[in-house]
Amino acid sequence: MILDLLRSRFELAVSEFVDDVSEYIDLVRYSQDVRFGDYQANIAMPLAKRLSRKPREVADEIISRLRIDDICDSVEVAGAGFINIVLRDSFLAECLCKVLADVDRMGIEAVKKPKKFVVDYSGPNVAKPMHVGHLRSTVLGNALTNILRFRGHSVVTDNHLGDWGTQFGMIIFGYKNYLDADLYCRQPVEELSRIYRFVRGKIDAGDQEVAANVLAETAKLHDGNADNLKIWHEVMPYSMNEIDLIYRRLGITFDYTLGESFYHPMLSEVVDDLIGRGIARETDGAIGIFFDGSDTPMLIRKKDGAYLYGTTDIATILYRMREFKPDVILYLTDFRQSLHFEQLFKTARMMGINEVEFAHVKFGAVLGEDGKPFKTRSGDTVGLNGLLDEAEKRALEIVKSNDRSKLSDDNCNEVAKSIGIGGIIYADLSQNRESDYIFSYDKMLAMNGNTAAYMQYAYARVRSIFAKGNIDVKKFRKEVGTDGFKPELKADAERMLAKEILKFGDAIDFAIKDYRPNLLTAYLFELANKYSTFFEQCPVLRAENELTRNSRLLLCDLTATTLKKGLELLGIKTVERM
Ligand code: ARG
């Protein structure tokens, strides 16, 4: 990757001035404007300050120590001491050939020191409707997993299902008292969701008796009561089928699905141990963990003996450390759980678990077009599936109305699925994850702008060039890949596109750095735009000679493979024609 290469060259040069070069190396960047070269190093100013010297002088000296001729055409000092770098065209051409020789990985090597990650994401609450927040966690977690794996890290994915909470108390209580056996036989999922809503409605309306009964049923379940366990085992698969259907449509699988129920047998020991070690203590009859500088403890056992969400999460960490020995554990949930995870991570440290990094990869809310929290049709269990249906339906209308390649009905449906589902995924991932965002079908399915459809369309358009020219891509790659072919980059648009293609690896690293897939979507958008300009300005099939034509075809092919790979990492399919 060019940025890394430049940085390592600068590192050598700068280390002749100071020992700790890291803060300076990050100042080697893309130039914002081609007038200032392709890359820019803004190192001289801070370095000069530190050495009490003149910035331009320091810049000149850095350049004199820099060994960079093989890569760069010119390296110049400008303004207050900026170092502007113009890459050699022949170097860019060489880099493109390297990517071509390794299209599966787009020439991106695996990291030298791979880490082991556990990614804890999705975690819907079984027997309760899965909501858009869980969709967000699912989509983000899946993208991050793919991106990390692509870069060579090892990832264990674990779906921490909420399969043991009071919602089961509601279901069990409802099942025993309000179940319509006939309906349950015919439409179990609908009937279960009806009794859940019915009981929930009573509690929300302040019915103390029902609330107490629900707690009692939950406690009985946790104590291993046979009747309640039987209902739990009966109900679980129905609910899981619904959830699995969503995963299938999104194309998502997990390595492990170890829900809260899995950890239940470990909880009493965990609490005893924490008390024994003086980490947890009694407070008002309950057991809690207290933290310096905060009055809010993390409760791990209630007065009535019930364990909490946090208790399970402590047991989960212990289990994961033992089973997976990860270097990093990522948790994907919304902002509202910030305090929970802060306390959880502190607790782990108090327990002496120091050899792992924890990160709460938090995200904002999904809002409706009215700016209020987005709701799928009132508490319906099929809510999320309905949402995906709607996106596919609207995508189908769009596909049919601008079908230029005369697709068959089957093809139209296939394309509509990719665009509809892809649109939802992309809309989510293209946001800064920490902001709230507004869910809008119109925006997410737009053919223009930073959307999946735009990217998918760009991909299909590139592929159609090959189809039109009757060129077999694999054959083409072989041909240009062998006999010392050197693509030429004459036009500005060609050069710009080549540089952009070669930034893919950086985009992946930016996305990994702070777990932000939107940095990858932003890159893909930029790439598609650069391609658009190139396509407007540079005829491909009708290029003036063979070298130009093949060079342009190569740029087309690498654009397409980058878009495809990028979208694939995000969990989005491409189609060859649309
Ligand atoms: N079930 C939780 C929820 O719906 C998410 C689980 C997140 N993972 C965890 N280990 N706490 O909010």
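Relevant structure appears above.
Residues numbered from 1 in each chain as written. Predicted model: local features only at pLDDT ≥ 70, side-chain atom pairs only at ≥ 80, totals over all residues. Heavy atoms only, no water.

J.: Honestly, the overall build of the protein chain in this entry has me stumped. Any pointers?
T.: Helix and strand counts for the protein chain come out as 24 helices and 13 strands. Across its three principal axes, the protein chain shows a C-alpha extent of roughly 80 × 65 × 40 Å. Evaluated residue by residue, the protein chain yields a buried proportion of 53% over its 578 residues. Accessible area of the protein chain: about 26600 Å², with a carbon and sulfur share of 49%. When the 77 basic and 86 acidic side-chain charges of the protein chain are each reduced to a single mean position, those positions are 3 Å apart. (Helix = DSSP H or I, 4+ residues; strand = E, 2+ residues; numbered from the N terminus. Buried < 20%, exposed > 50% of the residue type's maximum accessible area, 1.4 Å probe, protein only. Areas by Shrake-Rupley, 256 points an atom, 1.4 Å probe, with all protein chains shown as cover. Lys, Arg positive; Asp, Glu negative; His and termini not counted. Charge placed at Lys NZ, Arg CZ, Asp CG, Glu CD.)

J.: Please clarify how unusual backbone geometry should be interpreted in this entry.
T.: Excluding glycine, a negative phi dihedral is what most residues carry, and trans is how most peptide bonds are arranged. Not every positive phi belongs to a glycine, and Met 106 is a case in point at roughly 50 degrees. Among the secondary structure elements, Met 106 is positioned in the loop between α5 (89–101) and β5 (116–120). Taking the relative accessible area as the measure of exposure, Met 106 reaches 5% and is therefore buried.

J.: I tried to follow the pairing of strand β10 (residues 328–334) on my own but got confused; where do I start?
T.: It is a general feature of regular strands that their side chains alternate between the two faces of the sheet. With 7 of its 7 residues buried, β10 lies for the most part within the structure. Neither face of β10 is open: one carries Val 328, Leu 330, Leu 332 and Asp 334, the other Ile 329, Tyr 331 and Thr 333, and all of them are buried. As defined by bridge partners, β5 adjoins β10 across 4 bridges and the pair is classed as parallel. Considered in β10, the bridge of Phe 117 is made with Val 328. With 7 bridges connecting them, β10 and strand β11 (residues 357–363) associate as parallel partners. Directly across from Leu 332, in β11, lies its bridge partner Val 361. Handedness of the crossover is the feature at issue here: the chain leaves β10, passes through helix α15 (residues 338–350), returns alongside β11, and the resulting connection is right-handed. (Pairing = 2+ DSSP bridges. Right-handed = clockwise from strand over helix to strand, strands pointing away.)

J.: Teacher, can you tell me more about the sheet that holds strand β8 (residues 286–289) here?
T.: Think of a sheet as strands paired side by side through backbone hydrogen bonds, with each pair either parallel or antiparallel. Taken in spatial order, the 3 strands line up as β7-β8-β9 in an open sheet, and their pairing is antiparallel. Sheet topology places β7 (280–283) and β9 (298–301) at the edges, where each strand pairs with a single neighbour. Averaged over all pairs of adjacent strands, the angle between their axes in this sheet comes to 45 degrees, without regard to strand direction. By the bridge criterion, 3 bridges tie β8 to β9 in an arrangement that is antiparallel. Across the sheet, Gly 288 pairs through a bridge with Leu 299, a residue of β9. Sheet strands in contact with helix α14 (residues 309–323) are β8 and β9, and its direction is about 85 degrees off that of β9. Across the sheet, α15 touches β8 and β9, and the angle it forms with β9 is around 70 degrees. (Axes fitted to C-alpha atoms, helices over the stretch in contact; angles between N-to-C directions. Contact = heavy atoms within 4.5 Å.)

J.: Got a minute to help me understand the sheet that holds strand β1 (residues 28–30) in this structure?
T.: Taken in spatial order, the 4 strands make up an open sheet running β1-β2-β4-β3, and their pairing is antiparallel. This sheet does not close on itself; its edge strands, each paired only once, are β1 and β3 (72–78). Sheet twist, expressed as the average angle between the axes of neighbouring strands with direction ignored, equals 25 degrees. Pairing between β1 and strand β2 (residues 39–41): 3 bridges, direction antiparallel. Counterpart to Arg 29 in the pairing with β2 is Gln 40.

J.: For this particular structure, what's the right way to read the state of the cysteines?
T.: Disulfide: a covalent bond formed between the sulfur atoms of two cysteine residues. Evaluation of the coordinates by the stated rule reveals 0 disulfides. In this structure Cys 97 is not part of a disulfide, and its nearest cysteine sulfur, from Cys 95, lies 9.3 Å away. Free cysteine: Cys 538, not disulfide-bonded; nearest cysteine sulfur from Cys 556 at 9.4 Å. (Disulfide = S-S within 2.5 Å.)

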